[in-house]
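# Observations on the three-dimensional arrangement
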Amino acid sequence: MDKFKTCEWCEENKAQAHLSNVYWELPDGSRAIQIVNVPSVCCSHCDMEYQEESVINEIEDQLMLIDTRLIDKVIPYEELMNLPRLLKRNYFRF
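As a starting point, this report considers the structure included with it.

What counts and how
Residues numbered from 1 in each chain as written. Predicted model: local features only at pLDDT ≥ 70, side-chain atom pairs only at ≥ 80, totals over all residues. Heavy atoms only, no water. Pairing = 2+ DSSP bridges. Helix = DSSP H or I, 4+ residues; strand = E, 2+ residues; numbered from the N terminus. Core = buried A, V, L, I, M, F, W, Y, C linked by side-chain atoms within 4.5 Å. Buried < 20%, exposed > 50% of the residue type's maximum accessible area, 1.4 Å probe, protein only. Contact = heavy atoms within 4.5 Å.

## Re the pairing of strand β2 (residues 32-43)
Note: strand β1 (residues 15-25) against β2, ten bridges, orientation antiparallel. From the neighbouring strand, L19 faces β2, where its bridge partner is P39. Bridge count between β2 and strand β4 (residues 74-76): three bridges; the pairing is parallel. The residue bridging Q34 from the neighbouring strand is V74, located in β4. Of the strand pairs in this sheet, β2 and strand β3 (residues 49-50) are connected by two bridges, and their pairing is antiparallel. The residue bridging V41 from the neighbouring strand is Y50, located in β3. Remark: five residues form the turn of the hairpin made by β2 and β3, two consecutive strands paired antiparallel; D47 in that turn has positive phi of roughly 65 degrees.

Below, the structure written as structure tokens:
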């Protein structure tokens with residue numbers, strides 16, 4: 001049985017873990033990509049579907065640290081997160 005959590009939008013205890021497809025602009029602004037099966041939260045009360053801040057930061061950091069020319073128009077989340085990094089970490093995140 002899935003565990004409910006508090007929705008960040010409506011604050012009702014009706015949000016659950018979910019996988020969703022999202023569109024993300026690359027850091028250089030050259031294009032957008034679709035990332036599929038991204039860990040997300042879906043609320044049955046307000047119908048909001050969103051990614052938690054930690055997932056957003058992971059995606060943004062990864063896109064800053066990889067060669068984005070290797071990414072096709074659509075990429076699964078797990079594949080994106082497993083692409084080799086050019087740097088070990090995002091030194092601009094404090």
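## Topic: the nonpolar core
Judged by nonpolar contacts, the single largest core of 15 residues is most densely connected at I33, I35, I59, L63, I71 and L80. Those elements that place two or more of their residues in this core are β1, β2, α1 (53-65) and α2 (77-81). With residues up to four places along the chain from it excluded, the contact list for I71 reads R31, I33, L63, I66, L80 and L83. Ranked by size, the runner-up nonpolar core spans five residues in total, among them C7, V41, C43 and Y50.

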